[in-house]
Amino acid sequence: MKLADNKATLSFSNGSPSVDLPVYHGSVGPDVVDIRKLYAQTGMFTYDPGFLSTAATQSAITYIDGDKGELLYRGYPIEQLATNCDFLETCHLLLYGELPNTDQKKDFTSRVTNHTMVNEQMQFFLRGFRRDAHPMAIMTGLVGALSAFYHDSTDITNPEHREIAAIRLIAKMPTLVAMAYKYTVGQPYMYPQNNLSYAGNFLHMMFATPCEKYVVNPVIERAMDRIFTLHADHEQNASTSTVRLCGSSGTNPFAAIAAGVACLWGPAHGGANEACLNMLEDIQKMGGVSKVGEFMEKVKDKNSGVRLMGFGHRVYKNYDPRAKLMQETCREVLTELGLQNDPLFKLAMALEKIALEDDYFVSRKLYPNVDFYSGIVQRAIGIPVPLFTAIFALARTVGWIAQLNEMIGDPEYKIGRPRQLFSGSVKRDVKPLAVR
Ligand code: CMC
């Protein structure tokens, strides 16, 4: 970051002396006012619940311009990455800062591929779960448990440990998600097949059985790969900030990523794709497209508590570029599988059309986000709805690790410790039980 020529001056109407605060430029995007010394200078904190105006860190990984609807990983537009690169190339980019050349790609792919198996004990750990457990409950447990299996990569301050933990996490997440699925349906786990691509191997572990040969469909493989690429990183969102905060205490990388998985589960974040598909299914049961108007009235009624899931974003106020790419993939997959007339897709299109024309959504700049279409694609592929968020977690793991590693390598890194505006009781004395 670069110190700007101008300063910000904070003045107070009660006569307290004003303070000058340094301003910094990033390479692109809004400047920041540096308030690190504010408390020492004034005895005051800033107040920003929800981080609406607060840059919690500096980062060189992902840039979003919410007004333009632009998403860049290390400077490259998401549209170009989703079209010209595969997920492992994107992982290399996010982790090391550059797209790999042919040799680097071969080396990175082979390093990831060598770690796709998980410790055999993991199966017995899984067995402790109920068969109907939510996959995200299982994933939170399994990812945290990795730290109990890989003791040689738990020191977050050691760059070699961080590197091997990164490769292990990227390699093993598909195996764990597929195991969580196989466990809930009572099928045997399928070991990874290292001759397949990252996405192809995941599809194989999900849908193959030992009874017959499973051939990966290249259209579905490409769609899966695109889902991974589109979800790989997204700046300082809730789960990434959780990973950073958790990792800032010096905990091991597996524990920090498990915290990210837990945060992602919520319906306002990664759980939105599941919530979106459940919403579409509910409208379908109510009568489908003919009930869209009625449903929209509920969404617009503040007292109903109903939101149009898959719509709206804290940062994108024009459109979500991932949603456009996902809509394209959605059409390809439905055509490949002969599902062009899929009623849920038609319903989604009807909802989108109305929402894009309705003043409620237009005035609040609410547009479809990536989750609006990713659920339809995943359902068409045969992925059960409760697994959607686990797949998001699989894809986001590389982003979480890249951000965690960036934080640990940052000379300005400190344990994260937000402060508060206390509004509870002032000091008082405990009365004996008999007189309370
Ligand atoms: N349906 C109906 N109204 C909405 C919606 C929606 N999906 N989203 C926002 N609004 C309204 C909200 O009621 C408020 O109206 P008013 O100004 O009259 O009070 C206004 O729009 C601003 O909403 P907000 O809740 O203050 O905005 P936020 O930035 O805090 O929330 C959000 C962003 C994504 C949590 C929210 O838009 C939402 O709940 N969307 C549905 C869930 C969803 O699809 N989440 C996935 C996000 S993308 C994937 C990811 O990155 O995790």
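The shown structure was predicted, so the numbers you read here are calculated from the model rather than taken from an experiment. (Residues numbered from 1 in each chain as written. Predicted model: local features only at pLDDT ≥ 70, side-chain atom pairs only at ≥ 80, totals over all residues. Heavy atoms only, no water.)

(A) Broad picture of the overall build of the protein chain. Each helix and strand counted, the protein chain has 18 helices and six strands in total. Taken over C-alpha atoms, the radius of gyration comes to 24 Å for the protein chain, in line with the 22 Å a tight globule of 436 residues would show. Seen through its principal axes, the protein chain has C-alpha atoms that stretch 80 × 65 × 55 Å. Taking all contacts inside the protein chain whose residues are at least 6 apart in sequence as the whole, residues at least 24 apart take part in 69%. Accessible surface, the protein chain as shown: approximately 22000 Å² in total, 53% of it carbon and sulfur. Positive and negative side-chain charges of the protein chain, numbering 44 and 45 respectively, have mean locations separated by a distance of 6 Å. (Helix = DSSP H or I, 4+ residues; strand = E, 2+ residues; numbered from the N terminus. Rg over C-alpha atoms; globule rule 2.2 N^0.38 Å. Contact = heavy atoms within 4.5 Å. Areas by Shrake-Rupley, 256 points an atom, 1.4 Å probe, with all protein chains shown as cover. Lys, Arg positive; Asp, Glu negative; His and termini not counted. Charge placed at Lys NZ, Arg CZ, Asp CG, Glu CD.)

(B) Spatial organisation of the site of the ligand. In the vicinity of the ligand lie 19 residues, with His269, Lys302, Arg307, Leu308 and Arg314 positioned nearest. Note that a nitrogen atom of the ligand is positioned 2.8 Å from one of the backbone N or O atoms of Leu308. A distance of 2.9 Å is found between a nitrogen atom of the ligand and a backbone nitrogen or oxygen belonging to Phe311. Across the complex, the protein chains shield 75% of the 940 Å² of accessible surface that the ligand would expose by itself. Per-class residue counts for the shell around the ligand are eight nonpolar, six polar and five charged. (Near = heavy atom within 4 Å. Polar contact = N/O pair within 3.5 Å; in protein donor to acceptor, adjacent residues only side chain to side chain. Nonpolar A, V, L, I, M, F, W, Y, C, P; charged D, E, K, R; others polar.)

(C) Geometry of unusual backbone geometry. Despite not being glycine, Arg74 has its phi angle at roughly 50°, a positive value. Of note, Arg74 is situated in the loop between strand S5 (70–73) and strand S6 (76–77). Located in the positive-phi region is Glu235, a residue other than glycine, with phi close to 60°. Secondary-structure assignment places Glu235 in the loop between helix H9 (218–230) and helix H10 (238–247). For Glu235, a relative accessible area of 24% translates into the label partly exposed. (Buried < 20%, exposed > 50% of the residue type's maximum accessible area, 1.4 Å probe, protein only.)

(D) Here's a closer look at the packing of aromatic side chains. Across all of its chains, the model carries 14 aromatic pairs by this definition. Between the aromatic rings of Tyr198 and Phe228, the centroid separation amounts to 5.8 Å while the plane-to-plane angle is 85°, which identifies the pairing as edge-to-face. Note that Tyr198 is positioned in helix H8 (residues 198–207) and Phe228 in helix H9, a separation of 30 residues in sequence. When the centroid spacing of 5.2 Å and the interplanar angle of 85° are considered together, the rings of Phe311 and Phe372 count as edge-to-face. Pair noted here: Phe311 is in the loop between helix H13 (292–300) and helix H14 (321–336) and Phe372 is in helix H17 (residues 371–381), with a separation of 61 residues, a long-range link. (Phe/Tyr/Trp six-rings, centres within 6.5 Å; stacked < 30°, edge-to-face > 60°.)

(E) The sheet that holds strand S1 (residues 2–10), seen in detail. The strand order S1-S2-S3 describes an open sheet built from three strands, whose pairing is antiparallel. Looking along the sheet, the strands with just one partner apiece sit at the ends: S1 and strand S3 (32–33). Summarising the sheet, strand S2 (residues 19–25) and S3 pair through two bridges and their orientation is antiparallel. Paired with Tyr24 across the two strands is Val32, which belongs to S3. (Pairing = 2+ DSSP bridges.)

(F) Region of interest: the nonpolar core. In terms of nonpolar packing, the biggest core is built from 116 residues, with Met224, Phe228, Leu308 and Leu351 touching the most fellow members. Discounting residues that sit within four places of it in the chain, Met224 has contacts with Ala199, Phe202, Leu203, Ile381, Ile383 and Ile391. (Core = buried A, V, L, I, M, F, W, Y, C linked by side-chain atoms within 4.5 Å.)

(G) Just the packing of H9 against H14, in detail. Packing of H9 against H14 leaves a shortest axis separation of 10 Å and a crossing angle of 165°. In terms of their interaxial angle, H9 and H14 are classed as roughly antiparallel. Taken as a pair, H9 and H14 cross one another with a handedness that is left-handed. The residues of H14 that touch H9, namely those facing Val219, Ile220, Ala223, Arg226, Ile227 and Leu230, are Arg322, Leu325, Met326, Glu328, Thr329, Glu332, Val333 and Glu336. (Axes fitted to C-alpha atoms, helices over the stretch in contact; angles between N-to-C directions. Parallel < 35°, antiparallel > 145°, perpendicular 65-115°, else oblique. Left-handed = near helix turned anticlockwise from the far one by under 90°.)

(H) Highlighting the pattern of salt bridges. On inspection of all chains with the given rule, the structure shows 20 salt bridges. A salt bridge links Arg244 to Glu406, with the shortest nitrogen-to-oxygen separation between them at 2.7 Å. Highlighted residues: Arg244 in helix H10 and Glu406 in helix H18 (residues 388–409), separated in sequence by 162 residues. Connected through salt bridges with shared partners, the residues Asp34, Arg36 and Glu412 form a single ionic network. (Salt bridge = Lys/Arg side-chain N within 4 Å of Asp/Glu carboxyl O.)

(I) The sheet that holds S5, seen in detail. Strand order across the open sheet formed by three strands is S4-S5-S6, with antiparallel pairing between neighbours. The strands lining the two open edges of the sheet, one partner per strand, are strand S4 (62–65) and S6.

(J) Up close: H18. The terminal C-alpha atoms of H18 lie 32 Å apart, and with 22 residues this matches the ideal 32 Å at 1.5 Å per residue to within 8%. Approximately 40° is the largest bend angle found in H18, and it occurs at Arg396. Of all 22 residues making up H18, 19 are buried, and the element is well covered by its neighbours. (Expected span 1.5 Å × (residues − 1). Bend = angle between axes of the 7 residues up to and from the residue.)

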